[in-house]
Amino acid sequence: DFGLVPMALMGIDIQALLSSARQMESKSKGVSAASSPSISLGILLGICQQHGRDKITFVLSSAITSFGYWVEQLLAESTGKEGRGLIPVNGEPVGTPEVYGKDRLFIHLFLASDSNEDDKTKISALEKAGHPVVRIQIPDKFALGGEYYRWEVAVAVAGIIIGINSFDQPNVEESKMNTKQLLEKWKDHGAFNEPLPLLTSNDISIYAGKQAKGLSGTESAAAFVSSFIAVSKPPDYVAFLPYFLMTDSRVKQLQAWRQEVRDQTKSATTLLNGPRYLHSTGQLHKGGPNTGLYLILIGEEELDLPIPGEKFGFGILHQAQALGDFRSLDDKRRRVIRIHLGKDIDTNLDKLCQMMKDSRKLQFQGRIS
């Protein structure tokens, strides 16, 4: 009902959506596991996780890309616990076989009416290179009702094979408690009790968790971030966690950055903005396998909207949430850094990315010489 009521108010034909779900339910029940589209997918997900292919990489056709946000939360929150889990990789551009490690399972979900030839060609190349691939063609958007059913059953089945309870989220509250404590102190003192940054250069400040403080490259922000990312290799993944408004230009910049990281390290990458990621992949980050490298990016809010009845606005709230999640990850001995981009987020984000590109060019030229 939580989802269906707003759908109905938006004018979506929820009967057609529910009919699709019922069809998937009838196909999934009363048949062998191999014949059930839901159970067989769950078995595959679980077996792949046991064999190290825990990066479930989604390739979605253009008309249904938003499905990736939903399934991302389902996989991460349901399976990321007790040091295990399935890591959803959503929105990462499809590459050639040589930029991937052996930790991937590719899911190609597409509408027949979309233009999918480019994706099909790339997926076929990945399959020929030995990567497991699942292809799911759906006739129209209403068939997503069936996909919701398929994936909810599949993830429950995968949880049984992985050996976790898919129906709890033990680590979600940790960041909330840290945020609450930080806000209480801010109310008393008008400031957060933050440690000094590890380094500040070009208006960019870097705060490093305990697992990242021993890295080299402290002569500049770009050098340190490059050093932090450079240690990743499959089965690691690199999570970009921007905690600011995601404009088109910022999305483009961060998407280009994650693709460069993937191509250079073969590590999977994720891009999720706060505070959404706290309730989608936050459980996985803290409860799942300790294979993530987390980059929390934040800056000063351009427009600090007030919160009725509170002394602070959304800008302070976002600062507290980002700092609270940083502390939670650090307490879990995760590899995490926090990058503060100051007042001019766009300029400093562009500056950081450009400096890292220049640094990589110099490293490449040095290797050649």
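The structure reproduced in this document is the subject of the present report. In this text the structure is predicted, and so the values were computed from the model without any measurement.

Thoughts on the pattern of salt bridges
Stage number 1. Under the definition given, this model contains 22 salt bridges.
Stage number 2. Between R262 and D263 there is a salt bridge whose closest N-O contact spans 2.7 Å.
Stage number 3. Judged by relative accessible area, which is 1%, R262 ranks as buried.
Stage number 4. Residue class for D263 comes out partly exposed when judged on its relative accessible area of 36%.
Stage number 5. A salt bridge links D325 to K286; the nearest nitrogen and oxygen atoms lie 2.7 Å apart. Here K286 lies in helix α10 (residues 282–287) and D325 lies in helix α11 (residues 314–331), a separation of 39 residues in the sequence. Per residue, the accessibility class of D325 equals that of K286, and both read buried.

Some remarks on the sheet that holds strand β4 (residues 133–138)
Stage number 1. In space, the 4 strands of this open sheet follow the order β2-β1-β3-β4, with parallel pairing throughout. Among the strands making up the open sheet, the edge pair consists of β2 (87–90) and β4. On average, each strand axis in the sheet is inclined to that of its neighbour by 20°, with strand direction left out of account.
Stage number 2. Bridge analysis of strand β1 (residues 55–60) against β2 gives 4 bridges, and the strand direction is parallel. Directly across from K55, in β2, lies its bridge partner I87.

Thresholds, definitions, all that
- Counting from 1, residues in each chain are numbered in the order their sequence is written.
- Only residues with pLDDT of at least 70 are given local features in this predicted model, and only at 80 or more are side-chain atom pairs given and counted; all residues enter the totals for whole chains, interfaces and linings.
- Only hydrogens and water are removed before side-chain values are computed, so all heavy atoms of the structure are retained for them.
- When a carboxyl oxygen of Asp or Glu lies within 4 Å of a side-chain nitrogen of Lys or Arg, that pair is called a salt bridge.
- Remark: exposure states derive from per-residue accessible area (1.4 Å probe, protein chains only) relative to the maximum for the residue type, with buried under 20%, exposed over 50%, and partly exposed in between.
- Under the scheme used here, helices are H or I runs from DSSP no shorter than 4 residues and strands are E runs no shorter than 2 residues, and both carry numbers assigned from the N terminus.
- The pairing criterion for strands is at least two bridges between them, as found by DSSP.
- Orientation is described by axes fitted as lines to C-alpha atoms, over the contacting stretch for helices, and by angles from 0 to 180 degrees between their N-to-C directions.

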